[in-house]
Structure formats: C-alpha cells, structure tokens
Amino acid sequence: MTTPKKALFVLLTALACALPPAVLAQGVVNASCSSQIAEAFGRVVLDDFKKTTGLGVTLHVFSSQISVNRLKNGFCELAASALKLSPEDKKSGLVAIPICKDPMVVIACKEITVSNLSLTEVRRLFSGHITNWKEVGGPDLPVRIITPIQETAAYVNFVRQAMGASQMKFDYQAAKASTAVEAVSHIPGAISFATRSVVSKYSNIKTFSVDGMKPTSKKYPYMQTFSLITRGQPSGVIREVLNYSLSEKVRENMKHLGLTPLVD
Amino acid sequence: MQLKKIISLICLAGLLFAMGCASGLTMVAPRVEEITEGEKGMGDRINVVYMLEEEKGIYTLTRQPYCKETVEKIQVSRKRPRGFIIALCELPLYGLGAVDYLVAKIYANASEEEMGRLIGNSGKIIPCGEVEPAAHEEILLQFPDSERIKRLLTDNKATLQLEELLKEKGQDLQINVFVKKENNILYIKTIDKTFHF
C-alpha cells in the first residue's frame, strides 16, 4: 500500500470509529396501514395505545397491498391490511391475525332517492350499462362512477365479491378508498363503494341495501376483513399492539364504529 | 522552488499553531446539558405473556408476567470535546494530535456535573417473574379463513387437546391461538400448517 493510500485508510478508520452508532428506536413499532383502516379507527386509537402501554407506533398510510409489500421487504414490522393473505405470503412467513370485519357498502350522493338496488342493478351501474339514475327509479341525474384505484383492497374486495363477471368502469378514480367517499359527497349523481365505518362519518352520503339486505344485517354478504399482519410470530412490542387491538376497550370501540370484532 | 518552500513553511507553521487546539477549544467551549442513561430496572407489570408448547402432540400452556423496563435518566451538564478534525490533521505529521484529542476528551469528561435523576421507560418489555403452568384458562382458536372460533379450557395440568382439531380438514393454513382473561384477549401463538401441504 502506498503512503497516500495508507493515510486515507487511517483517516477513514479514525472517522468510522468517531461516528456515533446508528440510532435505534426502542419501544416504537413502525407500522404500515391501509387507508381504510386508518380512516375507520382514526388517530385517537394511536394516542390511546401510547397512553395505555407507554409504547409508540409510527404509522405510514398506504393501500393494503403496499402495506403488505413494505412488511415483506422489511420497511416496517407490522401491517394493517384489508386484503386476505395469499397462501404464498403465508408460506413466506407472514402471519395474519384477523381483528374485525366491516360491510362494504354501495354509496351515492344524498340526492338519490332509491334505497334498494338489486345485485344486477349494482353490476349494471358499475359496468356503465345504466347511465342515468331514473333507470333504477331515481332522479334524472347522470351516473358518475367513482372508484378507488385498482391497487386498493376496497376495489379488489368489491370486484371479487360483487361484480361477478361484469367489467368495472369508472368516470373518476381516487388514490385512496376514503378519498372516493369524499368525492361522492360533492359530485351529484356519483356512485361508489366503501367500507361502512368510513361512510358513517359523512352525513351527506346515501348507502343502499342490496337485494333487500341492509349492510347492518348479519346476512349481508359483502364484507371486508381487517387484519394485522406480521413477519413471523408476533412478539415483544408487536405482541403488545396486537393484545391492545384485542382488548375489551378496543373491541367496544369497534362495535361503536359499526365494526364486528372477529375474536370476542 | 522558493514558493514551494514558503507554502510548506506556512502549512508547517499552521499545523504547529494548531497544536493543542482541540484541548484549547474544548476548554473555552460553553457547557451543554444532556441526558445520559443510567441503571436499568423493572417497572410496572404490563401483561402476562402466555406460551403454548408442544411435546409429542400434547400442548401445554404456560404464563410469565412481563413488565416495562425502566431506565435511570441522568441530566448532566458538561463540555463537549471539540477540534476533532484539527487533531486528525495533526495526527499524520506529529502523532501528537492523538494526545491533544485525548486531553480534550479527558477535560470534557472531567467537566461533567450531575443536575438530576429521573426514572423513565426504556420502551422494552422484559419478563419479571417465573414461568408457571396456566391451568383452567379459556382458550380461543381462530380459524381465519373459515372465520370459525373454537373455545377450549386447559385442564389441571394446563394441557390442551388440539390433535383432533388440527387434523380436521380445512382451508386454514394458520390457526391463531388466544387466551381470554378478564374480557381481554391475549395472543399466544399461531399454529402454522403451511408446511404440512
């Protein structure tokens, strides 16, 4: 080794020794959360978790699929998702703990006077075959289809559960499921779908019964399951987040929000 | 040639002038307040962690209390060592840069004065009791894909008969096990059946 190289080596080694060690966040869970779940529970839950356990959660809100991908790639330790894990994901070591379920409701702006739609009408509305609300007994208003983007769990779950072989069309797309709800409240003739706990926060949005079944009915078939997902068996602080999510207080809060706890 | 000599002399004079700079700078530096961590201890009991262990097809439930780990936070006022880069420049030429910085470090450490102590949470959860068998506990088995919940009780020996349940043909690749305690539900483990297929 030449003298300049030696000097550089000594300098770099000295600098490396002098640099502080990487700062590790202790007692803080780095979590990625589906926007629907974040919207349904709100910020209050995080504050209460910190107050109850003395531990913290750093939350990043994305779609369910992105949240799971972040977990797979080690960007977070916990994901909250409205999508079911595939067998491949389970084989790769991801563990899903379903916490609660929430009905997926068809929504429209308040001006629509119809309160029940048949499943065929729902499919024809979202596939663009029905273009005016008067075709289903409503006012003379053009149907504006608003959907969240294809990557969201709301879209995937709705297409899988309600659309059958019908092709989904849209006039506008929202980046997040909760944004689609906001858009419906402002656009006349707008129709969309969303998880009920998010919709219930809006007073100017109409929800429909489908085939005579109200979303509050136990037989209502269009449901989303909200799960907490971890890489491997939950332990330590992540286990505390899970136990908090299953505590009596949070389960009561879920019922208050219209969600159905799955472990009760 | 003359110019080179002058530049070299200026550099040399600069370095000579810089000798002892790190310790000098440290001595004139203002005091700063910082918080250092002291001894670790055991805080409030946060939870009981249940464990389910399998041996020859028999599942045994055990429990162990867990507490918040506390840490003593000491507020100190001190001078911080300065002039590290200068000391580093002195190093290849004289070797005295190391002594200069060492003196600066010793002076900075000696200037430390304790202002007060507080007990805080370290953010970790640590076991704070013995592992004991958990007899007569209510167990919930969650079959996530079929959305079934099965309720069981552990016997006197804290064992659970899960063999028959796990042999049942179903679509569930993972079965979550919980314990229900005073209306709270605590996670125990996930029985993974993915590698059985």
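Because the structure is predicted, anything quoted here is derived from the model rather than measured.

Q: Just to check I follow, could you spell out the domain arrangement of chain A for this structure?
A: One frequently used descriptor of interface size is the decrease in accessible area upon assembly of the parts. Residue and element names in this part refer to chain A. What the domain assignment lists for chain A is domain 1 (28-101 + 225-261) and domain 2 (102-210). At the interface, 17 residues of domain 1 touch 15 residues of domain 2. Contributions of two or more residues to the side of domain 1 that touches domain 2 are made by α2 (35-41), α4 (64-72) and β4 (94-109). Considering each element in turn, the side of domain 1 that touches domain 2 owes the most residues, four residues, to α2.

Q: What should I look at first to understand the sheet that holds strand β6 (residues 148-153) of chain B in this one?
A: Backbone hydrogen bonds are what pair the strands of a sheet, in a parallel or an antiparallel way. Residues and elements named next belong to chain B. Pairing in this open sheet of four strands is antiparallel, and the strands run β6-β5-β8-β9 from one edge to the other. The sheet is open, and its two edges are formed by β6 and β9 (184-192), each paired on a single side. The sheet shows a mean angle of 25° between the axes of neighbouring strands, taken without regard to direction.

Q: What exactly am I supposed to notice about the nonpolar core here?
A: Within soluble globular proteins, side chains that are nonpolar tend to cluster in buried spots. Judged by nonpolar contacts, the single largest core of 93 residues is most densely connected at I107, V184, A194 and I229 of chain A together with F178 of chain B. The contacts of I229 of chain A, once residues within four sequence positions are left out, are V68, L71, A79, S81, L85, L94, V95 and A96 of chain A. The next biggest cluster of nonpolar side chains, apart from the first, holds six residues, and it includes C21, A22, I86 and A87 of chain B.

Q: Can you help me understand the packing of helix α2 (residues 21-28) of chain B against helix α4 (residues 97-110) of chain B in this one?
A: The description of two helices packed together rests on the angle between their axes and the distance between the axes. Residues and elements named next belong to chain B. It is the contact of α2 with α4, at a shortest axis distance of 7 Å, that shows an interaxial angle of 20°. In terms of their interaxial angle, α2 and α4 are classed as roughly parallel. Relative to α4, α2 is oriented so that their crossing is right-handed. For the pair α2 and α4, the contacting residues are C21, A22, S23, T26 and M27 in the first and D100, Y101, V103, A104, Y107 and A108 in the second. When its residues are assigned to classes, the contact of α2 with α4 shows eight nonpolar, two polar and one charged.

Q: Honestly, the pairing of strand β8 (residues 174-181) of chain B in this entry has me stumped. Any pointers?
A: Each regular strand shows side chains that alternate between the opposite faces of the sheet. All names here are of chain B. Summarising burial for β8: six of the eight residues are buried, a large majority. Bridging between β8 and β9 involves eight bridges; their strand directions are antiparallel. Each residue of the ladder has a partner; that of K181, found in β9, is N184. Linking two consecutive strands that pair antiparallel, namely β8 and β9, is a turn of two residues; a positive phi of about 45° is found at E182 within it.

Q: I keep staring at the domain arrangement of chain B and nothing clicks. Help me out?
A: Residues and elements named next belong to chain B. According to the domain assignment, chain B contains domain 1 (2-59 + 62-127) and domain 2 (135-196). Listed by partner, the interface residues are seven residues for domain 1 and 10 residues for domain 2. Listing elements by their share of the side of domain 1 that touches domain 2, those giving two or more residues are β1 (32-55) and β2 (58-78). For the side of domain 1 that touches domain 2, the residue count by class is five nonpolar, two polar and no charged.

Q: Please clarify how the interface of chain A and chain B should be interpreted in this entry.
A: Taken together, the 30 residues of chain A in the interface contact 28 residues of chain B. Taken together, the elements giving at least two residues each to the side of chain A that touches chain B come down to α1 (3-18), α5 (87-91), β4 and α10 (236-245) of chain A. No other element matches the six residues that α10 of chain A contributes to the side of chain A that touches chain B. Residue composition of the side of chain A that touches chain B, by class: 17 nonpolar, eight polar and five charged.

Calculation notes
Once a new chain begins, its residue numbering starts again from 1 and follows that chain's sequence as written. For naming, the first written chain is A and the first written ligand is 1, with later ones following in the order written. In keeping with the predicted nature of the model, local features appear solely for residues at pLDDT of at least 70, side-chain atom pairs appear and are counted solely at 80 or more, and the whole-chain, interface and lining totals rest on all residues. Each domain's extent was defined by an automatic or database domain assignment. Note that contacts rest on C-beta atoms placed from the backbone: two residues are in contact if these are within 7 Å. In DSSP terms, a helix is any run of H or I states spanning at least four residues, a strand is any run of E spanning at least two, and both are numbered starting from the N terminus. Whether two strands pair depends on DSSP finding at least two bridges between them. All axes here are fitted lines through C-alpha atoms, helices being fitted over the stretch that makes contact, and every angle between N-to-C directions spans 0 to 180 degrees. Structurally, a nonpolar core is described as a collection of buried Ala, Val, Leu, Ile, Met, Phe, Trp, Tyr and Cys residues joined by way of C-beta atoms within 7 Å. Buried residues are those with 20 or more other C-beta atoms within 10 Å of their own C-beta, exposed residues have 12 or fewer, and partly exposed residues lie in between; C-beta atoms are placed from the backbone. Angle categories: roughly parallel below 35 degrees, roughly antiparallel above 145, roughly perpendicular from 65 to 115, and oblique for all the rest. Less than a right angle of anticlockwise turn of the near helix away from the far helix marks a crossing as left-handed, whereas a clockwise turn marks it as right-handed. Lys, Arg, Asp and Glu make up the charged group, whereas Ala, Val, Leu, Ile, Met, Phe, Trp, Tyr, Cys and Pro make up the nonpolar group; the residues left over, Gly among them, are polar.

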